[in-house]
Amino acid sequence: MNPLVQLAAEAEKENPLIPPWPELVIGLIAFVIVFGFLAKKLLPNINKVLEQRREAIEGGIEKAEAAQTEAQSVLEQYKAQLAEARHEAARLRQEAQEQGATLIAEMRAEGQRQREEIIAAGHSQLDADRKAASSALRQDVGQLATELAGKLVGESLEDHARQSRTIDRFLDGLDETASKAEATR
């Protein structure tokens with residue numbers, strides 16, 4: 001027989017894709033031993049590390065959510081405080097404006113009162129000055145009138161009582177004439 005034919009016949013007998021039974025059994029036993037070793041020793045450690053990572057990630061997410069919630073709460077508090085501060089500032093501004101208006105009104109009233117007092121004091125001072133000037137003028141006019149009358153009559157009119165009566169009559173007549181002139185105006 002031909003060596004090629006013989007080789008082809010042997011090749012047909014053994015399929016290269018199917019391993020022999022003893023190798024298959026030994027491979028299966030080795031696989032079970034390795035799988036058992038990995039399942040007992042390595043798999044719990046892998047699961048433990050995966051669980052720790054999962055917890056760390058979930059914890060990080062929870063911390064981030066808690067931080068975000070806290071930040072939102074702080075932001076709301078800040079906004080509330082800011083709104084309250086604005087409201088308080090507006091209230092203080094309004095209060096200051098009201099106090100300013102009250103103070104201005106009080107100052108105006110005080111100024112008006114002082115003005116009235118000054119005017120009243122001025123009027124009373126004018127009245128007093130007018131009376132003093134009138135009295136001094138009466139005396140001066142009376143003395144001048146007495147001297148003039150004495151020069152006209154040719155005798156001395158130095159008697160005080162008579163001089164005083166004459167002056168008073170003369171000045172009363174002048175006052176009466178002045179009053180009638182003002183009444184006709």
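Under the annotation held in an unreviewed UniProt entry, the protein carries the name ATP synthase subunit b and is attributed to Streptomyces aurantiacus. Word for word, the UniProt comment on the protein under Subcellular location (unreviewed entry) is "Cell membrane". For the protein, the Sequence similarities (unreviewed entry) comment in UniProt is given as "Belongs to the ATPase B chain family."

Asks: I would appreciate a short explanation of the overall build of the protein in the present structure.
Replies: Of the regular secondary structure elements, the protein holds three helices and zero strands. Along the protein, from the amino end to the carboxyl end, the secondary structure elements read α-α-α. By residue count, 3% of the 185 residues in the protein fall in the buried class. By element, 61% of the accessible surface of the protein is carried by carbon and sulfur atoms, the whole surface being about 16500 Å².

Asks: Where do I start with the UniProt feature "transmembrane region" (unreviewed entry) in the protein in this structure?
Replies: This chain's UniProt record puts "transmembrane region" (unreviewed entry) on residues 24-43. Span residues 24-43 is 100% helix and 0% strand, its end C-alpha atoms 26 Å apart.

Asks: Can you walk me through the pattern of salt bridges in this structure?
Replies: When their charged atoms lie close together, side chains carrying opposite charge are able to pair. Using the criterion set out here, one finds eight salt bridges in the structure. Measuring nitrogen to oxygen at the nearest pair gives 2.3 Å for the salt bridge that ties Glu-110 to Arg-113. Highlighted residues: Glu-110 and Arg-113, both in helix H2 (residues 21-153), separated by three residues, approximately one helical turn. Exposure remark for Arg-113: the relative accessible area of 38% places this residue in the partly exposed category. Via salt bridges that share partners, Glu-51, Arg-54 and Glu-58 belong to a single interconnected network.

Asks: Sorry, what's going on with the packing of aromatic side chains here?
Replies: The relative placement of two aromatic rings is captured by the distance of their centres and the angle of their planes. For the structure on display, the rule yields one aromatic pair. The interplanar angle of 20° and the centroid separation of 6.0 Å between the aromatic rings of Phe-31 and Phe-35 together place this pair among those described as stacked. On the criterion of helical spacing, the pair formed by Phe-31 and Phe-35 is a turn pair, its members being four residues apart in helix H2. The two residues Phe-31 and Phe-35 agree in class, both being exposed.

Asks: Explain a nonpolar patch on the surface to me, please; I cannot follow it from the model alone.
Replies: A contiguous nonpolar patch, built from Val-34, Phe-37, Leu-38, Leu-42, Leu-43, Ile-46 and Leu-50 and spanning about 630 Å² of accessible area, is present on the exposed surface. With respect to the secondary-structure elements, Leu-42 resides in helix H2. Leu-42 sits in the partly exposed class, given a relative accessible area of 41%.

Rules of the game
- Residues numbered from 1 in each chain as written.
- Predicted model: local features only at pLDDT ≥ 70, side-chain atom pairs only at ≥ 80, totals over all residues.
- Heavy atoms only, no water.
- UniProt positions renumbered as here; feature names shortened; annotations may be inferred.
- Helix = DSSP H or I, 4+ residues; strand = E, 2+ residues; numbered from the N terminus.
- Buried < 20%, exposed > 50% of the residue type's maximum accessible area, 1.4 Å probe, protein only.
- Areas by Shrake-Rupley, 256 points an atom, 1.4 Å probe, with all protein chains shown as cover.
- Salt bridge = Lys/Arg side-chain N within 4 Å of Asp/Glu carboxyl O.
- Phe/Tyr/Trp six-rings, centres within 6.5 Å; stacked < 30°, edge-to-face > 60°.
- Patch = residues over 30% accessible without salt bridge, like charges linked within 9 Å, V, L, I, M, F, W, Y side chains within 5 Å.

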